[in-house]
Each structure stands twice: as C-alpha cells, then as structure tokens.
Amino acid sequence: MSVLRPFKASDMFKFNNVNLDIWTETYNIGFYLHYLSRWPDLCCVQEAPSGRMMGYVIGKAEGQAAEWHGHVTAITVAPEYRRLSLARKMMSLLELVSDETYRGYFVDLYVRCNNLIAIEMYEGMGYSVYRRVREYYGNLGVGKGGRDEEDAFDMRKPLSRDSARRSVRSNGRDIIVSAHDVS
C-alpha cells in the first residue's frame, strides 16, 4: 500500500525516476525549496512501501479577488506507476487544500496542447480549457495543423467559492492569448 505524504526537501534526492520523463518539467533546487517553504500544504508525494517515489505534485496559491486560486505547478507520476489513479489522489488533495484552506475560486494548471493523454485525464477530473496560451513552453516551431506544439492550455476547475462558475468557459479552446498575458 502506497502512502500520500508531504513533500520533504530530501525527496529531491529521490525523484529522478519521476522527473526523467519527456512531459515533466524539472526545476532548480531553489525553485522546489521556495514552494516547500511557502506552500508546504500544496506539495505532496506518493511513496511506495519500498520508499521509492511514485509521483508528486507541487502547487501554490496565487491571484487576487475573484482570481484567487490554487495552481498546479507540477504533477507527475513515474511511468511504471501510471494508470493507478495516483495523479487523481494527489490532485484531490491539492484541490481540497485550495478550497478549504486557501478559499480559492478555482484550481488551474497548464498542459501542453499536444499532451492528449494528460488533457483527457484532467477533463475526467472536471477540468476544462479556459484558454490557449501561445508559446507558453517556448517556441520550437509549428507542428501538425499549423499550431505551435509548445502552446499550453490553461485548464481550470471551479471550487465551491465559484458558485457562478466564472472560471469555466465553453469556448476556451478558441480563446488565444500570449504567454506574456499570463502571470
């Protein structure tokens, strides 16, 4: 039985099996330490009985007024542990803390537009596309369909405080903004 527990600084010495994946953004040590010191309740690890890291999520609370929200900075599961609902468990915890502790209006995340498996997973968790962010991950050139493959979808899930569901758009895939327009 695996355990969902708080992310510790020492976990950075154990997450290579998780981070060595083409879809996972890897950050510098200072970045992780900043998150762990500022938003420790939005950072957790799924750990196997052997002590091997299975996955992790790091998040933060940000925004102002009706844009106050939880943000998923990174969520990843090691390839050998995928399809076990680990991401869903970690996301549920981040959503709960964003809702009950930080009183956010929604939780958002950015995902590469060509990461169809992740997009489908997030949609299954209740997220929807709020907008497309051009060149969010940089510019590697135009891919299939004439779109830059390094664009991101800003996906959002409303929380209990967003009773009017202002964080949801039915036409979010058609709303295109520049990476410079998002914080």
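Since we're looking at a predicted model, the values are computed, not measured.

Reading guide: rules and limits
- Per chain, residues are indexed from 1 in the order of the written sequence.
- Reporting in this predicted model follows two pLDDT cut-offs: at least 70 for local features of residues, and 80 or more for side-chain atom pairs to be given and counted; totals over whole chains, interfaces and linings ignore these cut-offs and use all residues.
- Side-chain numbers here rest on the full set of heavy atoms in the structure, without hydrogens or water.
- Definition used in this section: a nonpolar core is a set of buried Ala, Val, Leu, Ile, Met, Phe, Trp, Tyr and Cys residues joined via side-chain atoms within 4.5 Å.
- Only protein chains enter the area calculation, which uses a 1.4 Å probe; residues under 20% of their type maximum are buried, those over 50% are exposed, and those in between are partly exposed.
- As annotated, the domain borders come from an automatic or database domain assignment.
- Here, two residues are considered to be in contact whenever any of their heavy atoms come within 4.5 Å of each other.
- Only rings of Phe, Tyr and Trp enter the pairing, Trp through its six-membered ring, and a pair is recorded when the two centres are within 6.5 Å. The plane angle decides the type: under 30 degrees is stacked, over 60 is edge-to-face, the rest tilted.
- Where helices and strands are cited, they refer to DSSP runs of H or I of at least four residues and of E of at least two residues respectively, numbered from the N terminus.

### Brief notes about the nonpolar core
- Within the largest apolar cluster, 45 residues are counted, with the highest numbers of intra-cluster contacts made by Phe7, Tyr56, Tyr122 and Met155.
- For this core, the two domains that each supply at least three residues are domain 1 (1-104) and domain 2 (108-183).
- In this structure, Met155 is in contact with Val107, Asp108, Leu109, Val111, Ile119, Tyr122, Glu123, Tyr127, Ser128, Val129 and Tyr130, ignoring residues within four places of it in sequence.
- Of all hydrophobic cores here, the second largest spans five residues; its members include Val133, Ala152, Val177 and Val182.

### Topic: the packing of aromatic side chains
- Applying the stated criterion across every chain yields a total of 13 aromatic pairs.
- Taking the centre distance of 6.4 Å and the plane angle of 15° together, the rings of Phe7 and Tyr32 count as stacked. Here Phe7, found in the loop between β1 (3-6) and α1 (16-19), pairs with Tyr32, found in helix α2 (residues 29-38); they are 25 residues apart in sequence, far enough to count as distant. By the burial criterion, Phe7 is buried, and Tyr32 matches it.
- Arranged with centres 5.2 Å apart and planes meeting at 55°, the rings of Phe15 and Tyr32 form a pair that is tilted.

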